[in-house]
Amino acid sequence: MRLGDWYDRNAFWIFPSASVVFIMGLMIFPLGYTIYNSFTDWSLTHGDQVNFVGLKNYIDIFLNDDRFWGAVGRTIYFTGLAMAVEVTLGVLIAVLFDARDFRGKRVARSIFLMAMMATPVAVAMVWMLIFEPTAGVLNYLVKASGLEAILREHAGIAKLLWITDSASVIPSLVLVDIWEWTPLISLIVIAGLATLSREPYESAMVDGATPFQIFFRITLPMIAPTIGVAALLRLVDCLKTFDIIYVMTMGGPGYSSETLNIYTYQMSFQYFNFGYASALLVVFFVFVLGVSLLVAHFRRGLEL
Amino acid sequence: MAKVELKNIEKTYEGDVRAVSAANVVIEDREFVVFVGPSGCGKSTTLRMIAGLEEITSGELWIDGELVNDIPPKDRNIAMVFQNYALYPHMTVYENMAFGLRIRKIANAEIDKRVQEAAKILSIQEYLHRKPRALSGGQRQRVAVGRAIVRNPKVFLFDEPLSNLDAKLRVQMRTEIAKLHNRLKATMIYVTHDQVEAMTMGDKIVVMKDGVIQQIGSPLLLYDHPCNHFVAGFIGSPPMNFLDGKLRRDGERLLAEGEGFSFVVADNHLEALLKAPHPEVVIGIRPEHMGIAAQDQIDNILSAHVTVIEELGAEAHMYMSRRADDMENLIARLEQRHGYRIGDNIRLSPDMERVRYFDAVSGEALLGVIGPIRMSSRRSALAQG
């Protein structure tokens with residue numbers, strides 16, 4: 001009885017304590033430790049001891065590291081391109097999917113979502129084969145469709161090199177990302193569309209709007225908050241995309257597909273410069289956080 | 001403004017579900033017509049066909065002398081107020097009202113003039129820059145009405161616009177819509193399942209059931225001369241009392257007899273009832289015609305005991321049963337203070353001259369009905385059915 005009373009009075013900290021320990025141990029501590037490391041020159045390659053170097057790593061990153069700035073640019077390029085196509089395509093597919101009921105709609109939707117369920121590493125491996133310039137199916141299709149001849153004649157391109165060419169590597173990687181993640185956006189938007197009431201559409205029809213006007217002035221604004229959620233999720237994922245790049249190009253050729261995440265990985269697990277890599281991680285963390293907050297703030301403006 | 005005409009309008013859904021059968025209605029210019037009936041009776045479908053939101057399976061729909069079957073809603077020049085308001089959630093009240101005008105590329109100055117004017121009529125000027133979610137149900141419904149007003153349409157359509165409002169607001173909006181009709185002098189078509197709304201608002205009421213129009217007429221015509229058992233029971237609150245009875249000749253007199261009663265048919269009903277196809281009839285008595293019998297009265301007595309009394313102040317509704325299990329609900333409307341209590345035995349005396357009779361088999365009214373009541377559509381529907 002007394003123990004029961006004690007529980008009742010103290011439940012407010014007993015129950016959350018497990019998750020507090022969990023969050024402290026697995027999130028706060030690593031974050032704090034990384035921030036601490038970022039002020040040191042900890043490296044496995046120069047042996048001896050770890051020195052506290054203050055802001056040196058950060059100064060180097062921002063002032064003396066061209067590779068970092070290149071990675072920032074590529075991260076933005078990759079994310080921007082992927083987001084633009086994925087959101088547009090995802091919304092379009094969702095709207096088309098929602099427009100009409102048909103037999104087997106649920107089955108079709110499940111099949112459609114399969115790409116998302118595949119393991120990213122496996123996906124990357126398969127796409128490497130698809131992209132392979134000589135034996136890959138993509139170039140086979142380019143050839144079979146007669147596109148190759150056109151390209152050779154008008155653009156002077158003998159063969160599309162996909163991920164092995166520095167100009168086309170990021171768009172090619174983006175293609176894989178689009179293939180895998182557009183369904184996620186569609187899924188979320190389909191759910192959003194399902195919650196909309198039909199009446200505003202009918203009202204707009206009676207008000208005299210054309211289907212085109214209804215889409216752009218009624219449907220789109222009404223699902224904008226949902227699109228915002230989907231976009232935010234994808235944005236964070238895109239910024240930190242790692243798996244497909246790691247497997248397919250490892251940042252290559254050269255540095256031409258090296259994003260921030262890949263660069264940080266190289267710095268820590270190839271060069272073992274843990275101090276510098278920690279500083280990169282902190283910068284990356286602040287960058288992702290900042291962009292996400294910005295988008296979240298912007299999204300609130302779309303709220304109905 | 002415009003006259004709306006429904007000629008043999010039918011709506012059949014996939015799988016041969018007939019939602020509306022051979023509807024024939026003429027809605028005159030500036031008339032306020034109410035479609036009323038229980039849910040699923042086809043009234044909303046009919047309205048949506050007029051709006052163009054549902055395809056017309058067969059028949060002709062004429063608005064202002066133009067056949068509009070194949071004209072899309074946007075070109076019909078109608079405005080509709082929906083049950084759930086159907087406001088555009090992402091637009092302010094002002095933009096909600098202006099939307100239909102902007103689509104039609106009307107000049108901004110004109111839009112502003114019309115929106116302000118409508119806002120004034122509906123007293124929603126203060127909310128013009130709010131979004132719908134910041135408004136109460138009643139305010140939203142006003143905006144929905146305002147959106148219709150600014151369009152200045154040929155016909156206003158209302159699809160159960162008040163059913164989401166609370167009782168008090170509903171009564172208030174009811175009068176406001178009626179006032180609006182007087183003011184705008186527009187053709188209005190109003191759908192409701194609430195017969196009180198129908199009675200209080202309509203110039204003309206169209207009663208529907210199972211997709212078939214039962215009767216069309218003014219509120220009082222429907223009340224006094226319902227064409228069948230259904231309309232009699234549907235129109236009026238509290239509802240009409242129904243007693244199963246049998247007609248029997250007794251010398252010069254015609255008696256309507258049933259469980260515990262023997263009524264003498266009034267002289268004004270004799271001629272019609274003598275021609276009744278079956279002796280089995282349903283006797284319909286409005287609660288206000290359920291009088292209390294005088295002490296010495298012998299004929300036309302109905303004995304029952306009181307089960308519930310609803311005191312409304314100006315009047316009282318007394319529920320009674322002839323049966324011991326109280327399962328019957330006979331209702332009398334008493335206008336004076338009465339002094340009865342639950343359990344009292346009571347001797348009722350219906351006003352025999354105002355009682356209605358219906359055929360027990362077909363439900364049709366046996367007394368001649370007045371006016372353009374029995375629609376040809378009913379007969380054709382029965383013939384097809």
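Residues numbered from 1 in each chain as written. Chains lettered and ligands numbered in written order. Predicted model: local features only at pLDDT ≥ 70, side-chain atom pairs only at ≥ 80, totals over all residues. Heavy atoms only, no water.

S.K.: Explain the pairing of strand 19 (residues 345-350) of chain B to me, using residue names and the numbers behind them.
M.R.: Pairing of strand 15 (residues 290-292) of chain B with strand 19 of chain B, which is carried by three bridges, proceeds in the antiparallel orientation. Directly across from Gly291 of chain B, in strand 19 of chain B, lies its bridge partner Ser349 of chain B. (Pairing = 2+ DSSP bridges. Helix = DSSP H or I, 4+ residues; strand = E, 2+ residues; numbered from the N terminus.)

S.K.: Go over the side chain of Thr187 of chain B, please, and point to the residues and values.
M.R.: Along the chain, Thr187 of chain B falls in strand 8 (residues 187-192). Side-chain polar atoms of Thr187 of chain B contact the backbone oxygen of Ala2 of chain B, separated by 2.5 Å. (Polar contact = N/O pair within 3.5 Å; in protein donor to acceptor, adjacent residues only side chain to side chain.)

S.K.: Can you break down helix 7 (residues 137-144) of chain A residue by residue, with the values?
M.R.: Residues and elements named next belong to chain A. Taken together, the buried positions of helix 7 are occupied by Leu138, Asn139 and Val142. Along helix 7, the residues classed as buried sweep out an arc of 95° about the axis, all on the same side. Exposed residues on helix 7 whose side chains face more than 90 degrees from its buried face are Tyr140, Lys143 and Ala144. Buried residues along helix 7 sit against helix 6 (120-131) and helix 8 (147-155). (Buried < 20%, exposed > 50% of the residue type's maximum accessible area, 1.4 Å probe, protein only. Arc of directions from axis to C-beta. Contact = heavy atoms within 4.5 Å.)

S.K.: Just give me the short version of the packing of helix 2 (residues 56-64) of chain A against helix 3 (residues 66-99) of chain A, but keep the residues and values in it.
M.R.: Residues and elements named next belong to chain A. It is at 6 Å that the axes of helix 2 and helix 3 come closest, and there the two elements cross at 70°. As the angle between them shows, helix 2 and helix 3 are arranged roughly perpendicular. Each of Ile61, Phe62 and Asn64 in helix 2 lies in contact with helix 3, whose residues at this interface are Asp66, Phe68 and Trp69. Counted by class, the contact of helix 2 with helix 3 contains four nonpolar, one polar and one charged residues. (Axes fitted to C-alpha atoms, helices over the stretch in contact; angles between N-to-C directions. Parallel < 35°, antiparallel > 145°, perpendicular 65-115°, else oblique. Nonpolar A, V, L, I, M, F, W, Y, C, P; charged D, E, K, R; others polar.)

S.K.: So, the environment of Glu280 of chain B: which residues are in play, and what are the values?
M.R.: Residues and elements named next belong to chain B. Inspection of the secondary structure assignment puts Glu280 in strand 14 (residues 280-285). What makes Glu280 partly exposed here is its relative accessible area of 32%. As for Glu280 and Ile121, which are separated by 159 residues in sequence, their C-alpha atoms are 55 Å apart. Beyond its immediate stretch of four places on either side in the chain, Glu280 contacts Gly245, Lys246, Asp359 and Ala360.

S.K.: Pulling in residues and values, what's your account of the packing of aromatic side chains?
M.R.: Residue and element names in this part refer to chain A. In total, this model carries 28 aromatic pairs over all chains according to the counting rule given. Ring geometry for Trp127 versus Phe131: centroids 5.3 Å apart, planes at 45°, classification tilted. Here Trp127 and its partner Phe131 are both found in helix 6, four residues apart, which amounts to about one turn of the helix. By relative accessible area, which is 1% here, Phe131 ends up buried. (Phe/Tyr/Trp six-rings, centres within 6.5 Å; stacked < 30°, edge-to-face > 60°.)

Treat this as a map of the structure, not an account of what it does.
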